[in-house]
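The residues making up each chain are set out below.
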Amino acid sequence: MREITQVQKNVLNYIADFIDQSGYPPTVREISEHFGKSIRAVQDNMVALQKKGFISLASKKSRSIRILVDERQKEPKMFVDKIPLVGTIAAGKPLLSEENLEGYVTLAEPFIRPGKSYFALRVRGQSMIGAGILEGDLAIVEQRSDVVDGQIVVAVLDDAITLKRYYKEQNRIRLQPENPAFNPIYCTDVRVVGILANLVRTY
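Residues numbered from 1 in each chain as written. Predicted model: local features only at pLDDT ≥ 70, side-chain atom pairs only at ≥ 80, totals over all residues. Heavy atoms only, no water.

**A look at the pairing of strand β6 (residues 138-143)**
Now for step 1: With 5 of its 6 residues buried, β6 lies for the most part within the structure.
Now for step 2: Judged from the 5 bridges that link them, strand β5 (residues 118-122) and β6 form a sheet pairing that is antiparallel. In the strand pairing of β6, Ala120 is matched with Ile140.
Now for step 3: For β6 and strand β11 (residues 191-200), the ladder comprises 6 bridges, and the chain directions are antiparallel. Along β11, the bridge assignment pairs Ile140 with Asn198. (Buried < 20%, exposed > 50% of the residue type's maximum accessible area, 1.4 Å probe, protein only. Helix = DSSP H or I, 4+ residues; strand = E, 2+ residues; numbered from the N terminus. Pairing = 2+ DSSP bridges.)

**Here we look at unusual backbone geometry**
Now for step 1: With an omega dihedral of 10°, the bond running from Glu109 to Pro110 counts as a cis peptide bond.
Now for step 2: Assignment of secondary structure puts Pro110 in the loop between β4 (101-108) and β5.

**Details of the environment of Ser127**
Now for step 1: By the secondary structure assignment, Ser127 is in the loop between β5 and β6.
Now for step 2: Taking the relative accessible area as the measure of exposure, Ser127 reaches 10% and is therefore buried.
Now for step 3: When the C-alpha atoms of Ser127 and Phe182 are compared, they prove to be 6.2 Å apart, with 55 residues separating the residues in sequence.
Now for step 4: Residue contacts for Ser127: discarding those within four places in its chain leaves Leu163, Lys164, Pro177, Glu178, Asn179 and Phe182. (Contact = heavy atoms within 4.5 Å.)

**Regarding the nonpolar core**
Now for step 1: Ile31, Met46 and Leu49 are the most contacted members of the largest nonpolar core, which totals 14 residues.
Now for step 2: Ranked by residues supplied to this core, first place goes to helix α1 (residues 6-22) with 5 residues.
Now for step 3: In this structure Leu49 touches Ile4, Gln8, Val11, Leu12, Phe54 and Ile55, once residues within four positions along its chain are discounted.
Now for step 4: Within the second largest apolar cluster, 13 residues are counted, among which are Leu121, Val123, Ala139 and Val154. (Core = buried A, V, L, I, M, F, W, Y, C linked by side-chain atoms within 4.5 Å.)

**Things to note about the sheet that holds β5**
Now for step 1: The strand order across the open sheet built from 9 strands is β4-β3-β5-β6-β11-β7-β8-β9-β10, with neighbouring strands paired in mixed fashion. Here the strands that pair on one side only, and so sit at the sheet edges, are β4 and β10 (185-187). Strand after strand, the sheet turns through a mean of 40° between neighbouring axes, direction not considered.
Now for step 2: Both strand β7 (residues 152-157) and strand β8 (residues 160-168) contribute to a ladder of 6 bridges, which runs antiparallel. Across the sheet, the residue bridging to Ala155 is Thr162, located in β8. (Axes fitted to C-alpha atoms, helices over the stretch in contact; angles between N-to-C directions.)

**Brief notes about the environment of Tyr166**
Now for step 1: Along the polypeptide, Tyr166 turns up in strand β8.
Now for step 2: For Tyr166, a relative accessible area of 10% corresponds to the buried category.
Now for step 3: When the C-alpha atoms of Tyr166 and Gln151 are compared, they prove to be 5.8 Å apart, with 15 residues separating the residues in sequence.

**Here we look at the environment of Thr202**
Now for step 1: Secondary-structure assignment places Thr202 in the segment after β11.
Now for step 2: By relative accessible area, Thr202 is classed as exposed at 64%.
Now for step 3: Residues Thr202 and Ala131, 71 residues apart in the sequence, show an inter-C-alpha distance of 17 Å.

**Some words on the packing of aromatic side chains**
Now for step 1: Across all of its chains, the model carries 3 aromatic pairs by this definition.
Now for step 2: Where Phe18 meets Tyr24, the ring centres are 5.9 Å apart and the plane angle is 70°; that geometry is what we call edge-to-face.
Now for step 3: One aromatic cluster is present, formed by Tyr14, Phe18, Tyr24 and Phe35 through successive ring pairs. (Phe/Tyr/Trp six-rings, centres within 6.5 Å; stacked < 30°, edge-to-face > 60°.)

**Brief notes about the side chain of Asp137**
Now for step 1: The topology assignment puts Asp137 in the loop between β5 and β6.
Now for step 2: Here Asp137 falls in the buried class, since its relative accessible area comes to 2%.
Now for step 3: Side-chain polar atoms of Asp137 contact the backbone nitrogen of Leu134, separated by 2.8 Å.
Now for step 4: Among all residues touching Asp137, those that are not within four sequence positions of it are Leu121, Arg122, Val123, Gly132, Leu199, Val200 and Arg201. (Polar contact = N/O pair within 3.5 Å; in protein donor to acceptor, adjacent residues only side chain to side chain.)

Quick look at the structure:
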């Protein structure tokens, strides 16, 4: 497809906007009045746009312009979603069951990405301050069970939830805090429910 001039692009965008607002295309006279140009000049631009494949025209028929290629620069829509906020884990209840939820938070990119599932939880305690994770922070967690050593994960242990670095050792899992005042948690039966994706902090 051949390139169009800026003037032709302006005409094309005006036609597209007019159709969006009115439901039908403008006449050549309406285009000429909008741009303050002669009908002949507008007709020349229309012919050029048709030859380049951007519009189609029906001869001797009013309001016959049809857009074939929409060149308008449209702002990409930011992804926004409402994700569950997990509170205390109720014994025997699935992580995101109603009994475990405190409510929902609305977040947008870059905190969350389309095509993935998330939940949020409030950080409690000081065990991860070495990783810059402070009490009261909102941890944004991507729901997944596959994990790589060293990732910060959300793990469920005996119906309690914890945020720690994950390390797989020979016969056990080590959940490592990021604060020397806290001891690692060693376990063989742990359920990883997500990995830390982002943090939201309010002051």
